[in-house]
Amino acid sequence: MKDQLLTILKCYFDTITISSVETLQSGLINSTYKVDTSRGIFIIQKINQKVFPNIQGVLNNKINVVNYLQANNFKTIAFLATINGEFFVEAEHGVWQVSKYIPSTVQHIIDSPKMAGQLGGYLARFHAALTNFPMSELIETIPDFHHTEKRYSNLLSSIANASAERRLSADREIAYVQANFDFIQPIAKAIQHKTIPQKVVHNDTKVSNFLFNSDGDLLTIIDFDTVMPGSVLHDIGDALRTGASTAPEDEQDLSKVRFNETVYDAFISAYIKEGQDFLTPQELSAIHFSLPLILLEQACRFLEDYLNNDIYYEVSYENHNLIRTKTQLHLFENVKHYLSKTYNIQYNQTL
Ligand code: GN1
Ligand code: MG
């Protein structure tokens, strides 16, 4: 690996040596390395071309959005330019990007209202900073990425094609998703029909895609692979899906997976406070559907992959995708009760 990474770095620096390489595990799609060199510490990422076949589109989106944010003084990561002035390298059987390492901690959940408030406020400012980005310049690199009804129908097809063994071990989860899809169908349709407007959003705002310093202060958002037109509700829901849980998305002991109401409330009020100038009345009135929407969509995606014998997400053991499905559904059940009780969110609510 070290040799490959050195080949990449030589496109950026005439002379450079590597002292150590660490593989980072928090992403489920790309390969990511932290590399200590004679020129500083860098993050080198190889983009997964199976998931992102339209690599030119991905590069177009992420480079333009990152450069735009920087030009508008929104603090974020920067991609290094090669000696030839490009923000990526095609070599060693792949497409690679390099950025400076930012000293930080990776969080998988949020455990304090202070951090939840920072996360909600930051995400709203991120969305605000992209309000005037020319959306038509973005390419839809993964079609229908957050088209929840399609995610559900893909799941239904995978149930029909799965091995009897996997179908049986997931029978409770399959039944649960089928019984609960109604709860989020109105919001899924409102987004699909653009009653909830399309905006430039990140589309992958799990908490591990935000960097914090050791005092718990939020430094920046990372991973612009899926920046595309979408709904702010997707980003809100995905940040809360991971942030407002008391355990990582693949916790095996479900008794440790609880919905953190305090984190939820702190995040939502900070987001609304910072976002009040750009949120539409429709977005505002549907905001509490964000989390159940993304929880159930993500459950469909993990469960589909489990039934397809794990062809999409990186897995470390046999039932990994089924475990991930269980945490999403367990949270969904708790979230549904909390939101019904606290915010009067109901089945078949008109949006
Ligand atoms: C994937 O690669 P990573 O870890 O940033 C996935 C997200 C999922 C997430 C679940 C392109 O993100 O959509 O929410 O795993 N990214 C893609 O952990 O499918
Ligand atoms: Mg990602």
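Computed from a predicted model, the values in this text were never measured in an experiment.

A. Structural view of the overall build of the chain. Within the chain one finds 11 helices and 10 strands. For the chain, whose C-alpha radius of gyration is 20 Å, the value lies close to the compact-globule estimate of 20 Å for 351 residues. Out of the 351 residues in the chain, the part that is buried amounts to 53%. Residue pairs in contact within the chain that sit at least 24 positions apart in sequence constitute 72% of those at least 6 positions apart. Carbon and sulfur atoms form 49% of the exposed surface of the chain, whose accessible area is close to 15,300 Å². Between the averaged position of the 29 positive side-chain charges in the chain and that of its 39 negative side-chain charges there is a distance of 1 Å.

B. Fine view of the environment of Q349. Of note, Q349 is situated in the segment after helix 11 (320–343). For Q349, a relative accessible area of 24% puts it in the partly exposed group. For Q349 and P186, which are 163 residues apart along the polypeptide, the C-alpha to C-alpha distance reads 6.9 Å.

C. Structural detail: the coordination of the magnesium ion (ligand 2). Protein-derived coordination of the magnesium ion (ligand 2) comes from D204 (OD) and D223 (OD), at a distance range of 2.0 Å. Of this pair, D204 sits in the loop between strand 7 (199–201) and strand 8 (210–212) while D223 sits in the loop between strand 9 (218–221) and strand 10 (228–230), and the two are 19 residues apart along the sequence.

D. Inspection of the site of ligand 1 at higher detail. The full set close to ligand 1 counts 17 residues, and D204, K206, E249, Q298 and Y312 are the nearest of them. A distance of 2.7 Å is found between an oxygen atom of ligand 1 and a side-chain nitrogen or oxygen belonging to Q298. Contact with the protein chains hides 97% of the accessible area of ligand 1, taken as 440 Å² for the molecule alone. Looking at which element gives the most residues to the shell around ligand 1, the answer is helix 10 (residues 290–307), with 3 residues.

E. Representation of the sheet that holds strand 6 (residues 105–106) in the model. A sheet is described by the order of its strands in space; here 3 strands give the open sequence 6-8-9, paired in antiparallel fashion. The open sheet has two edge strands with one neighbour each: strand 6 and strand 9. Pairing between strand 6 and strand 8: 2 bridges, direction antiparallel. Along strand 8, the bridge assignment pairs V106 with L211. Of the strands in this sheet, strand 8 and strand 9 are in contact with helix 3 (residues 113–129), which crosses strand 9 at around 40°.

F. A look at the domain arrangement of the chain. Domains assigned within the chain are domain 1 (1–101) and domain 2 (106–343). Domain 1 and domain 2 are separated by 26 Å when their C-alpha centres are compared. Of the residues lining the interface, 22 residues belong to domain 1; the matching set on domain 2 comes to 31 residues. Where domain 1 abuts domain 2, roughly 2,300 Å² becomes buried across the two surfaces, and 66% of that area is made up of carbon and sulfur atoms.

G. Representation of the UniProt feature "domain: Aminoglycoside phosphotransferase" (unreviewed entry) in the chain in the model. On the UniProt side, "domain: Aminoglycoside phosphotransferase" (unreviewed entry) is annotated at positions that read residues 21–261 here. Segment residues 21–261 splits into 37% helix and 18% strand. End C-alpha atoms: 39 Å apart.

H. View of the nonpolar core. Judged by nonpolar contacts, the single largest core of 92 residues is most densely connected at I236, F267 and Y271. Ranked by residues supplied to this core, first place goes to helix 6 (residues 171–192) with 10 residues. Residue assignment places this core across two domains, with domain 1 (1–101) and domain 2 (106–343) each supplying three or more. The residues contacting Y271, other than those within four sequence positions of it, are G120, G121, L123, A124, H127, V232, I236, F278, L279 and I287. Membership of the second largest hydrophobic core comes to 15 residues, among which are L5, I18, Y33 and I44.

I. Structural context of the sheet that holds strand 2 (residues 31–37). Strand order across the open sheet formed by 5 strands is 1-2-3-5-4, with antiparallel pairing between neighbours. Either end of the sheet is taken by a strand with one partner, and the two such strands are strand 1 (18–24) and strand 4 (89–91). Adjacent strand axes in the sheet meet at a mean angle of 30°, parallel and antiparallel pairs treated alike. Note: strand 3 (residues 40–46) against strand 5 (residues 94–100), 5 bridges, orientation antiparallel. Following the sheet pairing, K46 is matched in strand 5 by W96. Along the sheet face, helix 1 (residues 2–9) touches strand 1, strand 2, strand 3, strand 4 and strand 5 and points at about 105° away from the line of strand 1. Docked against the sheet, helix 2 (residues 55–71) engages strand 3 and strand 5, running at close to 15° with respect to strand 5.

Conventions we followed
- Residues numbered from 1 in each chain as written.
- Chains lettered and ligands numbered in written order.
- Predicted model: local features only at pLDDT ≥ 70, side-chain atom pairs only at ≥ 80, totals over all residues.
- Heavy atoms only, no water.
- Helix = DSSP H or I, 4+ residues; strand = E, 2+ residues; numbered from the N terminus.
- Rg over C-alpha atoms; globule rule 2.2 N^0.38 Å.
- Buried < 20%, exposed > 50% of the residue type's maximum accessible area, 1.4 Å probe, protein only.
- Contact = heavy atoms within 4.5 Å.
- Areas by Shrake-Rupley, 256 points an atom, 1.4 Å probe, with all protein chains shown as cover.
- Lys, Arg positive; Asp, Glu negative; His and termini not counted.
- Charge placed at Lys NZ, Arg CZ, Asp CG, Glu CD.
- Donors = N, O, S within 2.8 Å, 3.2 Å for Na, K, Ca; no water.
- Near = heavy atom within 4 Å.
- Polar contact = N/O pair within 3.5 Å; in protein donor to acceptor, adjacent residues only side chain to side chain.
- Pairing = 2+ DSSP bridges.
- Axes fitted to C-alpha atoms, helices over the stretch in contact; angles between N-to-C directions.
- Domains from an automatic or database assignment.
- Buried area = accessible area lost by both parts, 1.4 Å probe.
- UniProt positions renumbered as here; feature names shortened; annotations may be inferred.
- Core = buried A, V, L, I, M, F, W, Y, C linked by side-chain atoms within 4.5 Å.

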